[in-house]
Amino acid sequence: DLYPDAGLAPALNDKDRGTYLTWLAYYSGVIEPAFLSKFLNTAVPRGTAGWVVIEEVMEHVNRTLASRPYLVGDRFTAADIPYAGAFKTFWDSPLFEKTDALTGYVKRCTEREAYARASAKDNG
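Keep in mind it's a predicted model, so treat the numbers as computed, not measured.

K.L.:
Please provide a residue-by-residue account of the packing of helix α1 (residues 17-39) against helix α3 (residues 80-89), values included.
P.N.:
Across the interface, α1 lies against α3 with an axial gap of 10 Å and an inter-helix angle of 25°. It follows from the interaxial angle that α1 and α3 lie roughly parallel. Touching Trp-23, Tyr-26, Tyr-27, Ile-31 and Phe-35 of α1 are Pro-82, Tyr-83, Ala-86 and Phe-87, all from α3. In the contact of α1 with α3, the residues fall into nine nonpolar, no polar and no charged.

As C-alpha cells, this is what we get:
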C-alpha cells in the first residue's frame, strides 16, 4: 500500500481488495501452522485450532489456482510472494502434493524478473 505504483496490491476501492487481504491472512493464520503441524508430525487439534491439516489447505489452494493464474486473479500481487516462496522452498519435500496447477503457479511466480533480482540479492 505504501508503493501503489508497484501494482502489488489492489487499491482500497478495488473489487479484489477483500480477496487479496484474505489470502494474506490465510498465509500466516492457516498455511504456516498447517505446514508446521505436518513438518513436526503433530495432529491438528480440530475444534480448537484456527487451521486445518495441510491436505485440506492445499486442496483449497489448488482449487483456486485451477481457475486462475494467481491467488487474487489474473494479476500477481504481494499475496503471491509468501505462497510461491514457501512452495518453492519445500518443493522437494513430502509436505504437499505437487499438482499441475501448483507447478504452473510456482513457475509463473519464480520466473518473474523481480524474483530473479531478489534471489540474486539474497545469494550475494
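Here the narrative resumes, following the displayed structure.
K.L.:
Residue-level account of the packing of α1 against helix α2 (residues 54-67), with values.
P.N.:
Contact geometry of α1 with α2 gives a least axis separation of 9 Å together with a crossing angle of 140°. Put simply, α1 runs oblique to α2. Relative to α2, the crossing made by α1 is left-handed. For the pair α1 and α2, the contacting residues are Trp-23, Tyr-26, Val-30, Ile-31, Ala-34, Phe-35 and Lys-38 in the first and Ile-54, Glu-55, Val-57, Met-58, His-60, Val-61 and Thr-64 in the second. Within the contact of α1 with α2, the residues separate by chemical class into 10 nonpolar, two polar and two charged.

K.L.:
Quick one: what's the story with the pattern of salt bridges, residue by residue and with numbers?
P.N.:
Across all of its chains, the model carries eight salt bridges by this definition. Two residues, Lys-38 and Glu-55, come together in a salt bridge whose shortest N-O distance is 2.8 Å. In this pair, Lys-38 sits in helix α1 while Glu-55 sits in helix α2, placing the two residues 17 residues apart along the sequence. Exposure remark for Glu-55: the relative accessible area of 45% places this residue in the partly exposed category. Residues participating in the shared-partner salt-bridge network are Asp-14, Lys-15, Asp-16 and Arg-75.

K.L.:
Could you give me a rundown of the nonpolar core, with the residues and numbers involved?
P.N.:
Nonpolar side chains tend to gather and get buried jointly when the protein is soluble and globular. Val-57, Met-58, Val-61, Tyr-83, Phe-87 and Tyr-105 are the most contacted members of the largest nonpolar core, which has 29 residues in total. Among the elements of the structure, α1, α2, α3 and α4 (100-110) are those that each provide at least two residues to this core.

K.L.:
Give a description of α2 that names residues and reports values.
P.N.:
Between its first and last C-alpha, α2 extends 20 Å over 14 residues, near the 20 Å set by a 1.5 Å rise per residue. Every buried residue of α2 is listed here: Ile-54, Val-57, Met-58, Val-61, Asn-62, Thr-64 and Leu-65. With its buried residues spanning 160° around the axis, α2 presents them on a single face. For α2, exposure combined with an orientation more than 90 degrees from the buried face picks out Glu-59, Ala-66 and Ser-67. Buried-residue contacts for α2 involve α1, α3 and α4.

Cut-offs applied
Throughout, a residue's number is its position along its own chain's written sequence, starting from 1. Owing to the predicted nature of the model, reporting of local features is limited to residues with pLDDT of at least 70; listing and counting of side-chain atom pairs is limited to 80 or more, with chain, interface and lining totals taken over all residues. Just so you know, side-chain values use all the structure's heavy atoms and leave hydrogens and water out. Interaxial angles span 0 to 180 degrees and are taken between N-to-C directions of axes, which are lines fitted to C-alpha atoms, for helices over the stretch in contact. Runs of E in the DSSP output that reach at least two residues are strands. Runs of H or I that reach at least four are helices, and both are numbered from the N terminus. When describing relative orientation, an angle under 35 degrees is termed roughly parallel and one over 145 degrees roughly antiparallel, while 65 to 115 degrees is termed roughly perpendicular and anything else oblique. We call two residues in contact whenever any of their non-hydrogen atoms come within 4.5 Å of each other. Amino acids outside the nonpolar list (Ala, Val, Leu, Ile, Met, Phe, Trp, Tyr, Cys, Pro) and the charged list (Asp, Glu, Lys, Arg) are all regarded as polar, and Gly is one of them. In this scheme the handedness of a crossing depends on how the near helix is turned from the far one: anticlockwise by less than a right angle means left-handed, clockwise means right-handed. Just to be clear on terms, a salt bridge is a Lys or Arg side-chain nitrogen sitting within 4 Å of an Asp or Glu carboxyl oxygen. Only protein chains enter the area calculation, which uses a 1.4 Å probe; residues under 20% of their type maximum are buried, those over 50% are exposed, and those in between are partly exposed. The set of buried Ala, Val, Leu, Ile, Met, Phe, Trp, Tyr and Cys residues whose side-chain atoms join them within 4.5 Å is what this entry labels a nonpolar core. Between the first and last residue of a helix there are one fewer steps than residues, each counted as 1.5 Å, and that sum is the expected span. Directions from the helix axis toward the C-beta atoms define the arc.

In short, geometric facts, not functional conclusions.
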